[in-house]
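# Structural characterization, general
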Protein chains: 2
Amino acid sequence: MASVSDIVEEAGIGRGTFYLYFDSKREIFLELIEAFFRGYAELLEENHRRLEEAFRRRSRVLRTWRENMLRVLEYHQENPYLTNIAYREALGKDEDFSARVGELSSLAREKLVDEFRMMYDRGMMRECDVELVTSVVMGSTVYVVMEHLLPENEVDVESLADMIVEYHIRALIPEVGDVKRALHSAIETG
Amino acid sequence: MASVSDIVEEAGIGRGTFYLYFDSKREIFLELIEAFFRGYAELLEENHRRLEEAFRRRSRVLRTWRENMLRVLEYHQENPYLTNIAYREALGKDEDFSARVGELSSLAREKLVDEFRMMYDRGMMRECDVELVTSVVMGSTVYVVMEHLLPENEVDVESLADMIVEYHIRALIPEVGDVKRALHSAIETG
DNA sequence: ACTATTGTAATGACATGTCAGTACCAAAAA
DNA sequence: TTTTTGGTACTGACATGTCATTACAATAGT
């Protein structure tokens, strides 16, 4: 991790100046990460509300899922450094931080599990282990973000969202389901 | 990270003894990780060979894929501590280590991409972005390992492998493909 | 006796955090 | 106008702490 010396050097300020604005290095670190996590948690809540609304109206469920995925990707794309820190750099570093990561990932998991259950109850999903599916979706999303979204700056988020959602829809649609129709309702512009 | 004091205490040896056997803490760390990585790389190579062989014989391709997935899961299950260190604890820590992780993950990616292309060439896979699919498979696998395999010790690896492979087969099978037959050939015992 | 091991104490590199002092500006006093 | 004063932002040498690493005398094992 960057030392305070690194930070002040990079910022072109004196060592003391740093401590005028932050009580400790830990503080600035947790503050940055916390902001990122709070934003992400809010996004997840909002996505969840939108999807619930779609379920209530019984329309545009898959489309909403795709839009939610898009927003998740965009959020990470807009915060590349923090994303990198949160998912890679700081994982085994700080007790509090790890706890916070755990909280957020539990939150995300709960939301997703709930969403998949709603899909299942409406016959939009085949029978399967929801917890496992949730892990698959979360894990693949994080990995795609790290491998495709952060390194290249010229990546098309829209089509990335399309491809990811298509993958999961195909994997989850019931035996009797109409793949073409589902994909169309989720992805194709109309 | 564990201090040298922690290590010698845990191992029940003296501080001096530690330095009789290792030049430095870094050395033992890299040695352990390297062993884990080498083992994993070998596993990947072997899996790749098996799958190539299956392609050559034009039989049991999906079954072999499932077996490969199983071996990957088992390898991580057998090395829970190293898995945890490799994927979580030590990610932003050491320059050399990060480079090694990068190498290994590139190796895994190359193999997988190659395997998917073979599947595609034989009409076993729909047209899609192979790089992205590879990320999805790799990411979801790591995540499932961390969330389902490591925490609980009473998890059934076999059915985990089944469910993961079923997920990907459903996601990747061509429009005209026979899902039931594919799943049967991959998973059902016979 | 000889060797391998131990554990305490010392060392040094490097990290964070502190604080007396500098630079500067603007307003008050002369 | 010039000088003094006060306040704010900033600085970097220094204090302090942590931890890997080394040195070495004492001890256990053969």
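Structure first, text after, so check above.
Here is a short report on the structure shown in this document.

Scoring rules and cut-offs
- Residues numbered from 1 in each chain as written.
- Chains lettered and ligands numbered in written order.
- Predicted model: local features only at pLDDT ≥ 70, side-chain atom pairs only at ≥ 80, totals over all residues.
- Heavy atoms only, no water.
- Helix = DSSP H or I, 4+ residues; strand = E, 2+ residues; numbered from the N terminus.
- Buried < 20%, exposed > 50% of the residue type's maximum accessible area, 1.4 Å probe, protein only.
- Contact = heavy atoms within 4.5 Å.
- Near = heavy atom within 4 Å.
- Polar contact = N/O pair within 3.5 Å; in protein donor to acceptor, adjacent residues only side chain to side chain.
- Phe/Tyr/Trp six-rings, centres within 6.5 Å; stacked < 30°, edge-to-face > 60°.
- 1 Å grid on protein atoms, 1.4 Å probe; cavity = no way out; pocket = protein on both sides within 12 Å on 5 of 7 lines; lining within 4 Å.
- Points joined across faces, edges and corners; volume = space filled by probe spheres on them.
- Nonpolar A, V, L, I, M, F, W, Y, C, P; charged D, E, K, R; others polar.
- Salt bridge = Lys/Arg side-chain N within 4 Å of Asp/Glu carboxyl O.

On to the overall build of chain A. From N to C terminus, chain A includes nine helices and zero strands. Mapped from its N terminus to its C terminus, chain A presents α and β elements in the order α-α-α-α-α-α-α-α-α. Projected onto its principal axes, the C-alpha coordinates of chain A cover approximately 65 × 35 × 25 Å. Here chain A holds 190 residues, and the buried ones make up 48% of them. Long-range contacts, defined here as pairs at least 24 residues apart, represent 67% of the contacts in chain A between residues at least 6 apart.

In the neighbourhood of DNA strand C, 13 residues make up the surrounding shell, with A:V4, A:R15, A:Y19, A:K25 and B:T17 lying closest. Each atom of DNA strand C within 4 Å of the protein was classed as base or backbone; sugar and phosphate made up 52%. At a separation of 2.7 Å, a phosphate oxygen of DNA strand C approaches a polar side-chain atom of A:K25. Take B:Y21: an N or O atom from its side chain is 3.2 Å from a phosphate oxygen of DNA strand C.

Scanning the entire structure with this criterion turns up 17 aromatic pairs over all chains. Within the aromatic cluster, the residues linked to one another by ring pairs are B:F29, B:F36, B:F37, B:Y40, B:Y75 and B:F97.

Before going further, it helps to examine empty space enclosed by the protein. Residue and element names in this part refer to chain A. Counted according to the given criterion, the structure contains one cavity of 30 Å³ or more. Roughly 40 Å³ of internal volume is contained in the largest cavity. What lines the largest cavity is simply L51, V61, W65, L112, E115, F116 and M119. Every element with two or more residues in the lining of the largest cavity is listed here: α4 (61–78) and α6 (95–121). Take the lining of the largest cavity: its biggest share by element is four residues, from α6. Among the residues making up the lining of the largest cavity, the classes are represented as six nonpolar, no polar and one charged.

In the vicinity of DNA strand D, 13 residues are found, and the nearest of them are A:G14, A:T17, A:Y21, B:R15 and B:K25. Each atom of DNA strand D within 4 Å of the protein belongs either to a base or to sugar and phosphate, the latter forming 53%. Backbone polar atom of B:V4 to a phosphate oxygen of DNA strand D: 3.2 Å apart, as the coordinates give it. Interatomic distance of 3.3 Å between a side-chain N/O atom of B:R15 and a base oxygen of DNA strand D.

Let us look at the pattern of salt bridges. A full pass over the atoms with the stated rule returns 31 salt bridges over all chains. Note that B:E53 is salt-bridged to B:R56, the shortest N-O span being 2.7 Å. Pair noted here: B:E53 and B:R56 are both in helix α3 (residues 25–57), with a separation of three residues, about one helical turn. By relative accessible area, B:R56 is classed as exposed at 56%. In the salt-bridge network here, residues are joined through shared partners; they are A:E166, A:R170, A:K180, B:R126 and B:E175.

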